Amino acid sequence: MFNIFGNNQSSNNGRNNGNQNTPNQPREDVLIELKGIQKEYKTDAGPFLALKGIDLKIKSGEFVGVIGKSGSGKSTMINMITGIDRPTAGEVWVNGTPIHKFSENQMAKWRGTNMGVVFQFFQLLPTLTVIENVMLPMDFGNKYNPRERREKALDILALMDVDSQADKLPTMISGGQQQRVAIARALANDPPIVVADEPTGNLDSKTAAQVFELFQKLVEQGKTFLMVTHDDDLAGQLSRVITITDGQLDHEDHRPVQKIVPHSQNGSKPESESEEAQLEEVS
Ligand code: ADP
Ligand code: MG
């Protein structure tokens, strides 16, 4: 079976649970660094400073949560890291690369293989089928040759438990399924980093817990994960949570990692168990 994590240098066979204190897995390498990031938006009322000097370091293998009130600057900060938007001042380094210096073309190419991005409203292309949505980044990534792309995409969809929906249009499947497809698309070129902006904001709590559990599995498999969330239950399960207030990092919470307890509201076997089985199969 296609091993989506096979080429990931930071893969650690699923033993790192994101806790930086895990004694046998010291992971001190800084993967993402923001230095003095400012972002000014031009508005009708004049310039508005949405980020007021953000300094942040994220190590390889971390699962970091970002919380803060609506309008505090979470998305703006996330967009600096994905390169979707540019800082007015400051530097963004990812894996030793100063991405704030990239041209648009360089940025798009770089992002395609280095970073998976997941959005609140999925952002699947409505005229493409599920599998075509997942294959699209492969066309830009050049990681897989055209003949193997369909099979790879199907394998990733299977990992997300939505392979049976492969030939449907996004509007034909549920929100939870659409987000799984969007995650599959984010993983298309096996990026070491995944960034998600309120990925569960449009899902019911049970589906949100399942999606979050999937994220935790990806972190265990070696991905570095940054997730904006409004969900206190989910944030409470992360070892590192940073709070943004009015465009500034407010405070950080570090907690021991707690393993997520799958929601099993109807007493049946939680879907997450089968996901776990699938993910372990490829590790
Ligand atoms: P959050 O994601 O925490 O809700 P955002 O990062 O989206 O917050 O927005 C931070 C602030 O910047 C808000 O006051 C918002 O109105 C403003 N803002 C965001 N995008 C723009 C834009 N393109 N132009 C002008 N102001 C913006
Ligand atoms: Mg936002």
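This text goes with the structure placed above it.
Rules of the game
Residues numbered from 1 in each chain as written. Chains lettered and ligands numbered in written order. Predicted model: local features only at pLDDT ≥ 70, side-chain atom pairs only at ≥ 80, totals over all residues. Helix = DSSP H or I, 4+ residues; strand = E, 2+ residues; numbered from the N terminus. Buried ≥ 20, exposed ≤ 12 C-beta atoms within 10 Å, placed from the backbone. Contact = placed C-beta atoms within 7 Å. Core = buried A, V, L, I, M, F, W, Y, C linked by C-beta atoms within 7 Å. Axes fitted to C-alpha atoms, helices over the stretch in contact; angles between N-to-C directions. Parallel < 35°, antiparallel > 145°, perpendicular 65-115°, else oblique. Left-handed = near helix turned anticlockwise from the far one by under 90°. Near = placed C-beta within 6 Å. Nonpolar A, V, L, I, M, F, W, Y, C, P; charged D, E, K, R; others polar. Pairing = 2+ DSSP bridges.

This brings us to the overall build of the chain. Counting secondary structure elements, the chain contains eight helices and ten strands. Within the chain, the proportion of its 283 residues that are buried is 43%. Partitioning the intrachain contacts of the chain with sequence separation of at least 6 by distance along the chain shows that 71% fall at a separation of at least 24.

Let us look at the nonpolar core. Ranked by size, the top nonpolar core spans 67 residues in total, and within it Val134, Ile156, Leu157, Ala184 and Val195 carry the most contacts. With eight residues, helix 6 (residues 205-220) is the largest single contributor of residues to this core. Aside from chain neighbours lying at most four places away, what touches Val134 is Ala153, Ile156, Leu157, Val181, Ala184, Arg185 and Ala188.

Two elements in contact, helix 3 (residues 130-141) and helix 5 (residues 175-186), have axes whose closest approach is 8 Å; the angle formed by their N-to-C orientations is 25°. One finds that helix 3 runs roughly parallel with respect to helix 5. As for how helix 3 packs across helix 5, the hand of that crossing is right-handed. Two secondary-structure elements touch here, helix 3 through Val130, Asn133, Val134 and Pro137 and helix 5 through Val181, Ala184 and Arg185.

This next bit is on the site of ligand 1. Neighbouring ligand 1 are the residues Tyr41, Thr43, Phe48, Ala50, Gly68, Ser70, Gly71, Ser72, Gly73, Lys74, Ser75 and Thr76. Of all the elements, helix 1 (residues 74-82) adds the most residues to the shell around ligand 1, at three residues. Of the residues that constitute the shell around ligand 1, the class distribution is three nonpolar, eight polar and one charged.

Attention now goes to the pairing of strand 2 (residues 46-59). With eleven bridges connecting them, strand 1 (residues 30-43) and strand 2 associate as antiparallel partners. Bridged to Glu40 within strand 2 is Leu49. Joining the antiparallel neighbours strand 1 and strand 2 is a turn of two residues.

With respect to the element layout, Arg149 can be found in helix 4 (residues 146-159). Expressed as a C-alpha distance, the spacing of Arg149 and Leu136, which sit 13 residues apart in the sequence, is 9.3 Å. Ignoring sequence-local partners within four residues, the contact set of Arg149 consists of Met135, Met138 and Tyr144.

Here helix 1 lies mainly inside the structure; seven of its nine residues are buried. Residues Lys74, Thr76, Met77, Ile78, Met80, Ile81 and Thr82 constitute the buried set of helix 1. One or two positions beyond helix 1, positive phi appears at Gly83, with a value near 80°.

Before going further, it helps to examine the sheet that holds strand 10 (residues 248-254). Sheet strands pair via backbone hydrogen bonds, and the direction of the pair is either parallel or antiparallel. Read across the open sheet, the six strands follow the order 6-7-8-3-9-10; overall the sheet is mixed. A strand with exactly one partner marks an edge of an open sheet, and here the two such strands are strand 6 (115-118) and strand 10. Direction aside, neighbouring strands of the sheet carry axes that sit 15° apart on average. Where helix 6 meets the sheet, its contacts fall on strand 3 (63-67), strand 7 (193-197) and strand 8 (224-228), and the angle it forms with strand 8 comes to roughly 155°.

We now examine unusual backbone geometry. A positive phi is found at Phe122, a non-glycine position, where the angle reads about 65°. Along the chain, Phe122 turns up in the loop between strand 6 and helix 3. Look at Phe122 and you get buried, because 20 C-beta atoms sit within 10 Å.

Honestly, it's all geometry; don't read function into it.
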